[in-house]
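# Summary of structural features
Each chain, written out:
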Amino acid sequence: MILTFVDSHSGEAILREYEWELPVPREGDVLELHSGSETRYVVQEVDWVFADAPAGEKTDVPMKELKIMVVSAAEFVHRGEDGGHRMVDPLCKCGHAKSVHTSMRCNGAAGTCQCHGFESMS
C-alpha cells in the first residue's frame, strides 16, 4: 500500500512510502518522519484515494493510495489523560496569537500592539 504524508498547511508531500506494512495511522497519532531531518507530526486526517473507475462502478474499485494529512507537532498541545490532541494558535514573542497577525503588523491589543510581524516563541 502506498502512503503519502502531506503537510496540511502547504499541501506538499513530506514523505512517500511505497511498501507500508504497519497499521494505517489514525487521526491524532504522533509520527516521527525522517525526510532529511527528524520532525514530529500529528495526523489530522486520512484520505483514502481510489483509482479512477468507469461511471457507475461500485464494486472492487482498487485503492490507489492513502494520503495522510499531517501538521507539525509543535502546533499541537497534549490535553487530558485520554491522549487526545488539539490544535492551538502559536504565540508570537509579543504574546498575541498568530491568527491576529497580518503580514505587516499585529492587530492584538485592539490594534495597538507595536509588533511588526509574527515571530514564534518556540
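Okay, so let's go over this structure. Here the structure is a predicted model, which means the values were calculated and not measured.

Each helix and strand in the protein chain was counted, giving one helix and seven strands. Tracing the protein chain from N to C terminus, the helices and strands come up as β-β-β-β-β-β-β-α. The buried share among the 122 residues of the protein chain stands at 23%. Counting only contacts in the protein chain whose residues sit at least 6 apart along the sequence, the fraction spanning at least 24 positions is 33%. Accessible area for the protein chain stands at about 8,500 Å²; split by element, carbon and sulfur atoms hold 50% of it.

One non-glycine residue, Asp60, lies in the positive phi region at around 55°. Along the polypeptide, Asp60 turns up in the loop between strand S4 (38–50) and strand S5 (63–72).

Along the chain, Met104 falls in the loop between strand S7 (85–87) and helix H1 (108–111). Expressed as a C-alpha distance, the spacing of Met104 and Phe118, which sit 14 residues apart in the sequence, is 9.1 Å. Beyond its immediate chain neighbours, meaning those up to four positions away, Met104 contacts His116 and Gly117.

Attention now goes to the sheet that holds S4. In spatial order, the strands read S2-S1-S5-S4-S3; together these five strands make up an open sheet with mixed pairing. The open sheet has two edge strands with one neighbour each: strand S2 (13–17) and strand S3 (30–34). Along the sheet, successive strands turn relative to each other by an average axial angle of 40°, direction set aside. Relative to S5, strand S1 (residues 3–7) runs parallel, the two sharing five bridges. Looking at S5, one finds that Phe5 is bridged to Ile68.

Let's shift gears to the pattern of salt bridges. Tallied over the full model, the rule gives two salt bridges. Where Arg26 meets Asp29, a salt bridge forms, and the shortest distance between an N and an O atom there is 4.0 Å. For Arg26, a relative accessible area of 59% puts it in the exposed group. The residue Lys93 makes a salt bridge to Glu119 at a minimum N-O spacing of 3.7 Å. Pair noted here: Lys93 is in the loop between S7 and H1 and Glu119 is in the segment after H1, with a separation of 26 residues, a long-range link. For Lys93, a relative accessible area of 58% translates into the label exposed.

About the cut-offs
Residues numbered from 1 in each chain as written. Predicted model: local features only at pLDDT ≥ 70, side-chain atom pairs only at ≥ 80, totals over all residues. Heavy atoms only, no water. Helix = DSSP H or I, 4+ residues; strand = E, 2+ residues; numbered from the N terminus. Buried < 20%, exposed > 50% of the residue type's maximum accessible area, 1.4 Å probe, protein only. Contact = heavy atoms within 4.5 Å. Areas by Shrake-Rupley, 256 points an atom, 1.4 Å probe, with all protein chains shown as cover. Pairing = 2+ DSSP bridges. Axes fitted to C-alpha atoms, helices over the stretch in contact; angles between N-to-C directions. Salt bridge = Lys/Arg side-chain N within 4 Å of Asp/Glu carboxyl O.

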